[in-house]
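Notes for the structure review
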Amino acid sequence: AGSFGFFSDSAHAFAQDPVTGNPDYTTRAEGDETSFNLLPLSLSVVYRFTTLADRTVVPIVPYAKLGLAYYIWWITKGDGKVSSVVEDDGSTNDASGGSLGWQATLGVSVRADMFDPRAAQNLRADYGVEHAGFFVELLWADVSGLGADHKLRVGDKTWLAGINFEF
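Residues numbered from 1 in each chain as written. Predicted model: local features only at pLDDT ≥ 70, side-chain atom pairs only at ≥ 80, totals over all residues. Heavy atoms only, no water.

Topic: the nonpolar core
Threshold: In these notes, a set of buried Ala, Val, Leu, Ile, Met, Phe, Trp, Tyr and Cys residues joined through side-chain atoms within 4.5 Å is what counts as a nonpolar core. Note on exposure labels: buried denotes an accessible area under 20% of the residue type's maximum, exposed denotes more than 50%, and partly exposed covers the range between, all computed with a 1.4 Å probe on protein chains only. Where helices and strands are cited, they refer to DSSP runs of H or I of at least four residues and of E of at least two residues respectively, numbered from the N terminus. Residues count as neighbours in contact if any of their non-hydrogen atoms are within 4.5 Å of one another.
Leu38, Ala69, Tyr71, Trp73, Ala141, Val143 and Val154 together form the largest nonpolar core, which totals seven residues. For this core, the element with the highest residue contribution is strand S4 (residues 60-76), accounting for three residues. Apart from the residues lying within four places of it in its own chain, the contact partners of tryptophan 73 are Phe36, Asn37, Leu38, Ala95, Ser96, Gly97, Gly98, Ser99 and Leu152.

Okay, structure coming up:
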(Lines give C-alpha, C1' and ligand atoms only; values in the text may rest on other atoms or scores of the structure.)
Protein backbone atom coordinates (compact mmCIF):
# COMPACT_ATOMS: atom_id res chain seq x y z
CA ALA A 1 0.00 0.00 0.00
CA GLY A 2 1.07 3.55 -0.53
CA SER A 3 -0.21 6.75 0.99
CA PHE A 4 0.37 10.47 0.88
CA GLY A 5 -1.22 13.46 2.53
CA PHE A 6 -0.84 17.13 3.31
CA PHE A 7 -1.06 19.03 6.58
CA SER A 8 -0.60 22.74 7.27
CA ASP A 9 -1.08 24.88 10.35
CA SER A 10 -0.52 28.63 10.71
CA ALA A 11 -0.14 31.07 13.58
CA HIS A 12 1.10 34.60 14.13
CA ALA A 13 4.86 34.70 14.67
CA PHE A 14 6.37 35.66 18.01
CA ALA A 15 7.12 39.35 18.37
CA GLN A 16 10.70 40.55 18.79
CA ASP A 17 11.86 42.41 21.84
CA PRO A 18 12.52 45.96 20.53
CA VAL A 19 15.63 46.39 22.69
CA THR A 20 17.46 43.05 22.30
CA GLY A 21 15.94 41.81 19.01
CA ASN A 22 15.38 38.40 20.60
CA PRO A 23 12.02 36.64 20.28
CA ASP A 24 9.46 37.49 22.95
CA TYR A 25 7.77 34.11 23.50
CA THR A 26 4.82 35.70 25.32
CA THR A 27 3.65 38.11 22.59
CA ARG A 28 2.51 37.43 19.03
CA ALA A 29 3.22 39.81 16.13
CA GLU A 30 0.15 41.38 14.54
CA GLY A 31 1.09 41.06 10.86
CA ASP A 32 3.55 38.19 10.51
CA GLU A 33 2.08 34.73 10.11
CA THR A 34 4.19 31.59 9.98
CA SER A 35 3.11 28.17 8.71
CA PHE A 36 4.26 24.61 9.32
CA ASN A 37 3.65 22.30 6.35
CA LEU A 38 3.94 18.51 6.27
CA LEU A 39 3.75 16.06 3.36
CA PRO A 40 3.62 12.49 4.78
CA LEU A 41 4.53 9.66 2.37
CA SER A 42 4.57 5.93 3.10
CA LEU A 43 4.96 2.48 1.55
CA SER A 44 3.61 -0.51 3.47
CA VAL A 45 2.95 -4.21 3.24
CA VAL A 46 -0.59 -5.29 4.14
CA TYR A 47 -2.04 -8.49 5.52
CA ARG A 48 -5.83 -8.85 5.29
CA PHE A 49 -7.57 -11.79 6.96
CA THR A 50 -10.41 -12.28 4.43
CA THR A 51 -11.15 -15.95 5.21
CA LEU A 52 -13.80 -15.11 7.77
CA ALA A 53 -15.74 -12.83 5.37
CA ASP A 54 -15.20 -15.08 2.33
CA ARG A 55 -16.37 -18.35 3.96
CA THR A 56 -18.99 -17.28 6.50
CA VAL A 57 -21.78 -14.74 6.84
CA VAL A 58 -19.61 -12.55 9.12
CA PRO A 59 -18.65 -9.52 6.96
CA ILE A 60 -15.61 -8.50 9.04
CA VAL A 61 -12.07 -8.30 7.59
CA PRO A 62 -9.31 -7.47 10.11
CA TYR A 63 -6.00 -6.25 8.68
CA ALA A 64 -2.56 -4.94 9.56
CA LYS A 65 -0.03 -2.74 7.74
CA LEU A 66 3.67 -2.18 8.38
CA GLY A 67 5.90 0.10 6.39
CA LEU A 68 8.41 2.88 5.90
CA ALA A 69 7.42 6.53 6.11
CA TYR A 70 9.13 9.69 4.89
CA TYR A 71 7.68 13.03 5.97
CA ILE A 72 8.74 16.15 4.07
CA TRP A 73 8.32 19.37 6.04
CA TRP A 74 8.92 23.10 5.67
CA ILE A 75 8.19 26.27 7.63
CA THR A 76 7.22 29.50 5.88
CA LYS A 77 7.38 33.06 7.12
CA GLY A 78 4.93 35.91 6.59
CA ASP A 79 5.84 36.53 2.95
CA GLY A 80 5.31 32.84 2.05
CA LYS A 81 9.02 32.08 1.60
CA VAL A 82 10.77 29.30 3.52
CA SER A 83 12.08 30.47 6.90
CA SER A 84 15.75 30.38 7.82
CA VAL A 85 17.39 28.91 10.90
CA VAL A 86 20.56 30.44 12.37
CA GLU A 87 22.90 27.68 13.53
CA ASP A 88 25.24 27.88 16.54
CA ASP A 89 28.19 28.62 14.23
CA GLY A 90 26.35 31.60 12.67
CA SER A 91 25.48 29.88 9.38
CA THR A 92 21.90 29.85 8.12
CA ASN A 93 19.89 26.97 6.71
CA ASP A 94 16.39 26.73 5.30
CA ALA A 95 13.75 25.57 7.78
CA SER A 96 12.88 22.53 5.69
CA GLY A 97 13.79 18.89 5.40
CA GLY A 98 12.57 15.34 5.66
CA SER A 99 12.44 12.64 8.30
CA LEU A 100 12.50 8.88 7.77
CA GLY A 101 10.64 6.46 10.02
CA TRP A 102 8.18 3.60 10.21
CA GLN A 103 4.48 3.19 10.75
CA ALA A 104 2.09 0.42 11.74
CA THR A 105 -1.67 0.15 11.35
CA LEU A 106 -4.32 -2.15 12.80
CA GLY A 107 -7.76 -1.98 11.28
CA VAL A 108 -11.04 -3.67 10.55
CA SER A 109 -13.22 -3.46 7.47
CA VAL A 110 -16.91 -4.33 7.31
CA ARG A 111 -18.12 -5.45 3.90
CA ALA A 112 -21.44 -3.84 2.94
CA ASP A 113 -22.31 -6.50 0.31
CA MET A 114 -24.77 -8.25 2.59
CA PHE A 115 -26.84 -5.08 3.14
CA ASP A 116 -27.72 -4.73 -0.56
CA PRO A 117 -26.66 -7.81 -2.58
CA ARG A 118 -28.12 -6.44 -5.82
CA ALA A 119 -26.11 -3.21 -5.59
CA ALA A 120 -22.98 -5.28 -4.83
CA GLN A 121 -23.64 -7.39 -7.94
CA ASN A 122 -24.06 -4.23 -10.07
CA LEU A 123 -20.80 -2.75 -8.73
CA ARG A 124 -19.00 -5.98 -9.61
CA ALA A 125 -20.45 -6.17 -13.15
CA ASP A 126 -20.19 -2.46 -14.03
CA TYR A 127 -16.96 -1.37 -12.32
CA GLY A 128 -15.08 -4.50 -11.25
CA VAL A 129 -15.57 -3.74 -7.53
CA GLU A 130 -15.50 -7.08 -5.71
CA HIS A 131 -16.47 -5.67 -2.31
CA ALA A 132 -17.38 -2.26 -0.88
CA GLY A 133 -17.56 -1.40 2.77
CA PHE A 134 -16.49 0.71 5.72
CA PHE A 135 -13.27 0.71 7.69
CA VAL A 136 -11.77 2.05 10.90
CA GLU A 137 -8.07 1.84 11.73
CA LEU A 138 -5.49 2.92 14.29
CA LEU A 139 -2.20 4.28 12.90
CA TRP A 140 1.02 4.66 14.86
CA ALA A 141 3.77 6.55 13.03
CA ASP A 142 7.26 6.99 14.51
CA VAL A 143 8.96 9.27 12.03
CA SER A 144 12.01 10.41 13.98
CA GLY A 145 14.88 9.80 11.56
CA LEU A 146 15.45 6.12 12.48
CA GLY A 147 18.14 7.12 14.98
CA ALA A 148 19.70 9.92 12.89
CA ASP A 149 20.79 13.06 14.75
CA HIS A 150 19.21 16.45 14.07
CA LYS A 151 15.97 15.24 12.48
CA LEU A 152 12.58 16.75 13.13
CA ARG A 153 10.59 14.18 15.06
CA VAL A 154 7.12 13.89 13.55
CA GLY A 155 4.45 11.21 13.58
CA ASP A 156 1.70 10.37 15.98
CA LYS A 157 -0.98 7.91 17.00
CA THR A 158 -4.22 8.61 15.19
CA TRP A 159 -7.31 6.90 13.84
CA LEU A 160 -8.95 6.97 10.45
CA ALA A 161 -12.35 5.89 9.17
CA GLY A 162 -13.98 5.82 5.77
CA ILE A 163 -15.26 3.75 2.89
CA ASN A 164 -13.22 1.22 0.93
CA PHE A 165 -13.46 -0.58 -2.38
CA GLU A 166 -11.80 -3.92 -3.24
CA PHE A 167 -11.08 -4.51 -6.92
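Observations concerning the pattern of salt bridges
Put simply, the rule is: By convention in these notes, a salt bridge is any Lys or Arg side-chain nitrogen within 4 Å of a carboxyl oxygen on Asp or Glu.
Applying the stated criterion to the full structure yields five salt bridges. A salt bridge links glutamate 137 to lysine 65; the shortest N-O distance between them is 3.6 Å. A residue pair is termed long-range when its members are at least 10 positions apart, and glutamate 137 in strand S8 (residues 131-142) and lysine 65 in strand S4 qualify at 72 residues. The class of glutamate 137 is buried, set by a relative accessible area of 10%. Residue classification places lysine 65 among the partly exposed residues on the basis of a relative accessible area of 24%. Between glutamate 166 and arginine 111 there is a salt bridge, with its nearest N and O atoms 3.5 Å apart. On the criterion of sequence distance, the pair formed by glutamate 166 in strand S9 (residues 157-166) and arginine 111 in strand S7 (residues 96-111) is long-range, its members being 55 residues apart. Taking the relative accessible area as the measure of exposure, arginine 111 reaches 7% and is therefore buried. It is possible to trace a salt-bridge network through shared partners that takes in Arg48, Asp54, Arg111 and Glu166.

Regarding the pairing of S8
Applicable threshold: Strand pairing is assigned whenever DSSP identifies at least 2 bridges connecting the two strands.
Pairing between S7 and S8: ten bridges, direction antiparallel. Bridging across to S8, valine 108 finds its partner in valine 136. Taken together, the ten bridges between S8 and S9 define a ladder with antiparallel strand orientation. Within the sheet, the bridge partner assigned to phenylalanine 135 lies in S9 and is glycine 162.

Everything listed is a geometric property; what it means functionally is a separate question.
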